[in-house]
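As a plain string of letters, each chain reads:
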Amino acid sequence: MALFKLSINNRTVEADVEQDTPLLWVLRDNLGLVGTKYGCGIAQCGACTVHLDGKAVRSCVLPVSAVGKSKVTTIEGLSEKGDHPVQKAWDEVDVAQCGYCQAGQIMTAAALLKAKPKPTDEEIVATMSGNLCRCGTYHRIKEAVKVAASKSN
Amino acid sequence: MKTLDQTSRRDFMKVAAAAGGGLFLGFSWSNSNALPVVVDAKSIAAGTINFNAYLSIGTDDIITIVSPNPEIGQGIKTAFPMVVAEELDADWKQVKTVQGNLDTNIFERQLTGGSGAVPHSWDRLRKAGATARYMLVEAAASTWKVPAAECTTENGKVLHKASGKSLTYGQLAEAASKLEAPKEVQLKDEKNFKLIGQSVRNVDNNNIATGKPLFGLDFYREGMLFALVQRPKAFGLKLKSVNADAAKKMPGIVDVVTFENSVAVVGKSTWQVKKAREALKIEYEKAADLESSADHNRIFSQLMDNGEATVRRKNGDVEAAFKGAAKVIKAEYQCPFLPHSPLEPMNFFAHVREDGVELVGPTQTPDRARAEVAKLTGIAPEKISVEITRQGGGFGRRLAADYVIEAAHVSKLVKAPVKVIWTREDDMTGGIYRPAVRYRFEAALDKNGEMIGYKLRGVGINSGNPTREDNFPSGSVDNLLIDSVEHKSPITTGPWRAPITNFLAYAEQSFIDEVAEAAGKDPVAFRLALLEKAKKSPAGEVKYDVDRMIGVIKLAAEKSNWGKKNGVHQGFSVYFSHRSYVAQVGEVVVEKGKPVLKNVIAAVDCGIVINKSGSLQQVRGGVVDGLGHAMYGNMTFKDGTPDQSNFNGFRLIRMNEIPEVEVHFVENGISPTGLGEPALPPTGGAAANAFYKATKQRLRNQPFINEEAFKGIS
């Protein structure tokens, strides 16, 4: 066990865990941030996507010891009032069915739009194809990313 | 206007005033905003009323509507309250919806499965709203001393237009609560629906998009322990011995317990128990045959020719029809096992105490979960509470209670609150799959190309009856024989979204396409002619609605501009399942030598559409699901062990692999007939038939990606 100091959602927090513990389980089991989901544990589904210094990463395969001083943003910290353009677009387009994968989808989409505010359809599909949705909400995910892109500056 | 009689005691709705004021039909709901997880089980016991009902109205005008059935992504938590709100004439903006806990005293059929929730509850929900509306009107009329007939309702208010008076439901709730509930209540004419048929957004959108704890896996309790269970790695093995010495010494581990063929590692965090589980030393011994996929193929062939078949339906003289046939068409189709793969893996919280049990988690059948836990613990069902969380998909997997029983086992053994979690590997290799099935179809055509004989034999592995003997084309062929053979295997199977029909529909609709071609007829015209025959001179009993089936066929043909598109290869499919009818046209275009399914046009008859947005997505999602699994889904076995254990080996469809999906609903005013499953079955057939047009190669086995037509194409 070791004590890790982490910057999560602009707060410094501590977790006393083994160093190989994936960030995902530190967030969920130790810090009570359960918005980040477990889906596969091998970086195949994207349900666990968080931002590490603004870039989308899979927290299920990121050991806590590798986080260092990087700033972690989870779905809970994406916006203060749940009003990030991507979050709003997800509601407007009514994307979710079961909803389980959507936090990961939103984090992936938000990172894409940060890097590329006006992505082409091909860029949206190429990026979002890394995230699985077992309900098959892909049409609306694509539409919502476009809506968010059209509304952000 | 429709009138509904109060029929059973359970349907009889009483009203009482609650201490806090307001109109409460059914139990009061004081903490509906409480997080995590929907509902505090104790609030039901503390509620003042114990009747079958769905809503309460607060003096603050907030209308709380309970949705009792598990939400797994089918949209019930939005659709159910919409129906109540419609009859109530509530203002949707003032409606709060909450997930009900298991309560068999006040709710019936509190399960999600068989696309049956809306068909079952349609009238009950409407009556719940209409009864409250009636009482609110009575209360207003008596306050104003005017006849109730002069009062109208809209947007959460009762109005008296002649005098210009109006009162909100919240203002009237207390007075209304003192009135007798009506014995009969008038329901709206469907033509006057304002909310039903509109697009209403998922009521949990905001919670989902901000990462609130909604799901079973998100449930945490102070002092709760985590458990991972090691189950036998192969179907057919049983536990012989366990050495947990090393595992027990690992950090965070509280205990290792054994029950039946399972070993549970219990500790303080998910990661710690996962690592400790890997340190277990377990020996197993053979308890049954360890089957491989090669064995299954051999068994299929053997039973297809020599199995002792159970006759499911027989009309006319099949042997004579085939003897006298001008042409006989014969083909075999095969579909593999499939895991359900809900993105939230199996998990459940249990706290078994001496005097009762608390269960929290994702289940499609809370009542079964409770019954099983009662059996295990010897504790009476009324002392067992079940909180139903939002569920990260179900697809039939959560109809089983195995993972709930496990949680109860572990909690009982370690005498502590425990959450059992399945890793993805556990979920995929832990059993209960769609059964693998092989079909043999045979059709006899006369010299005019009329189908005079039809035979279907289904051979399934733990499939039960893998046919739907009374579905189309039964009733349209004079001489017909449908039978089946089952092989019993240690590999566990169960319902998978649109059970049986999720693969039978593809096989049958692809075969019908083969028969139409052999008869030299257009696939749509061929199906319509069979249905006309089923209508005019049915062969035996016809248990589907021929006109509704014709309706969706014609609509899909019209909307797809069937047979008139240049450079587009169209394939047709139609299926009746779970009371609803769906026809689909798949459109394949060849791009750089590669056949690509670009579009699916779906015509859907599920009766009245409650939530347009949810229903549209339900159909699109069903098509994506149906296509994805037909195209890529494959679970194989070696010596009883699944070859695939996670999404790297088991391929799920992704965004870059989906077609556009165009959806058309039939408007016929029929009471809703269900939509959670019916859009899925036709998709495999529409795709296979369109791919055939483009490649001239039949896709007779799933997954399609392994077939000759896709060789060299990823």
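Residues numbered from 1 in each chain as written. Chains lettered and ligands numbered in written order. Predicted model: local features only at pLDDT ≥ 70, side-chain atom pairs only at ≥ 80, totals over all residues.

1. A word on the pairing of strand 1 (residues 2–8) of chain A
Residue and element names in this part refer to chain A.
Next, step 1: Judged from the seven bridges that link them, strand 1 and strand 2 (residues 11–17) form a sheet pairing that is antiparallel. Along strand 2, the bridge assignment pairs Lys5 with Glu14.
Next, step 2: Count of turn residues in the strand 1/strand 2 antiparallel hairpin: two residues, of which Asn9 carries a positive phi of about 50°.
Next, step 3: Bridging between strand 1 and strand 5 (residues 71–73) involves two bridges; their strand directions are parallel. Residue pairing for strand 5: Ser7 is matched across the bridge by Lys71. (Pairing = 2+ DSSP bridges. Helix = DSSP H or I, 4+ residues; strand = E, 2+ residues; numbered from the N terminus.)

2. Here we look at the packing of helix 3 (residues 102–115) of chain A against helix 5 (residues 138–151) of chain A
All names here are of chain A.
Next, step 1: Between helix 3 and helix 5, whose axes approach to 11 Å, the crossing angle comes to 40°. The angle between helix 3 and helix 5 falls in the class oblique. Two packed elements cross with a definite hand, and for helix 3 against helix 5 that hand is right-handed. Residues Gln105, Ala109 and Leu113 of helix 3 form the contact with helix 5, whose own contacting residues are Ile141, Val145, Ala148 and Ala149.
Next, step 2: Split by residue class, the contact of helix 3 with helix 5 holds six nonpolar, one polar and no charged. (Axes fitted to C-alpha atoms, helices over the stretch in contact; angles between N-to-C directions. Parallel < 35°, antiparallel > 145°, perpendicular 65-115°, else oblique. Left-handed = near helix turned anticlockwise from the far one by under 90°. Contact = placed C-beta atoms within 7 Å. Nonpolar A, V, L, I, M, F, W, Y, C, P; charged D, E, K, R; others polar.)

3. Some thoughts on unusual backbone geometry
Next, step 1: Residue Pro473 of chain B is bonded to the preceding Phe472 of chain B through a cis peptide linkage, with omega at 10°.
Next, step 2: Mapped onto the secondary structure, Pro473 of chain B falls in the loop between strand 23 (451–461) and strand 24 (479–487).
Next, step 3: Residue Gln702 of chain B is joined to Pro703 of chain B through a cis peptide bond whose omega torsion reads 0°.
Next, step 4: Its location among the elements puts Pro703 of chain B in the segment after helix 17 (681–695).
Next, step 5: Although it is not a glycine, Asn10 of chain A sits at a positive phi angle of roughly 65°.
Next, step 6: Mapped onto the elements, Asn10 of chain A comes out in the loop between strand 1 and strand 2.
Next, step 7: By the C-beta count within 10 Å, which is 10 here, Asn10 of chain A ends up exposed.
Next, step 8: Backbone geometry places Asp94 of chain A, a non-glycine residue, at a positive phi of 60°.
Next, step 9: Considering the arrangement of structural elements, one finds Asp94 of chain A in the loop between helix 2 (85–92) and helix 3. (Buried ≥ 20, exposed ≤ 12 C-beta atoms within 10 Å, placed from the backbone.)

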